[in-house]
Amino acid sequence: MPTVYVRRVCLKDSLSDTEVAAYWTFIQQEFIPVALNVQGIRSVKLYSGAGGLRADMRAVFEMDDAGAYERLLADLRMRPLIAKIYAAWDMRTASQTFLREVTPELLRALSGSA
């Protein structure tokens, strides 16, 4: 069933402005194109909150199903890219959320009706 994965992060305070700019270039030019080739990943969008390009940022992955997230993590092409991304994050502020789209199929599954 359609699922959205949201990762909320802040970058490490120790990153210079040049490193922050390089991080965003890397995400847009290297990470997202590879992520979009993982089966079940429909889209990846980046959002910036009140913290500009350093804090309160969200990556939103629209997926065919929650299993696409597991395929993303297991994909050999993604592993070095994910490691580079995590290295820039302040993990004390990171959070994640999975949201299922409310569809007729979900309603049938949750109600026990066929």
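In this text, all values refer to a predicted model and were calculated from it rather than measured experimentally. (Residues numbered from 1 in each chain as written. Predicted model: local features only at pLDDT ≥ 70, side-chain atom pairs only at ≥ 80, totals over all residues. Heavy atoms only, no water.)

(A) Quick peek at the overall build of the protein chain. On a plain count of helices and strands, the protein chain comes out with four helices and four strands. When the helices and strands of the protein chain are placed in sequence order, the string is β-α-β-β-α-α-β-α. Reported as C-alpha extents along the three principal axes, the dimensions of the protein chain are approximately 55 × 30 × 20 Å. A burial count over the protein chain gives 35% of its 114 residues as buried. Long-range pairs, those at least 24 residues apart, make up 72% of the contacts in the protein chain between residues at least 6 apart in sequence. (Helix = DSSP H or I, 4+ residues; strand = E, 2+ residues; numbered from the N terminus. Buried < 20%, exposed > 50% of the residue type's maximum accessible area, 1.4 Å probe, protein only. Contact = heavy atoms within 4.5 Å.)

(B) Here's a closer look at the side chain of S43. Of note, S43 is situated in strand 2 (residues 41–51). If near-sequence neighbours (up to four positions away) are discounted, S43 is found in contact with L36, V60, F61 and E62.

(C) Quick peek at a nonpolar patch on the surface. A surface patch of nonpolar side chains, about 240 Å² in accessible area, is lined by L73, Y86 and M91. With respect to the helices, strands and loops of the structure, L73 is situated in helix 2 (residues 67–74). (Patch = residues over 30% accessible without salt bridge, like charges linked within 9 Å, V, L, I, M, F, W, Y side chains within 5 Å. Areas by Shrake-Rupley, 256 points an atom, 1.4 Å probe, with all protein chains shown as cover. Salt bridge = Lys/Arg side-chain N within 4 Å of Asp/Glu carboxyl O.)

All we've got here are geometric facts, nothing functional implied.
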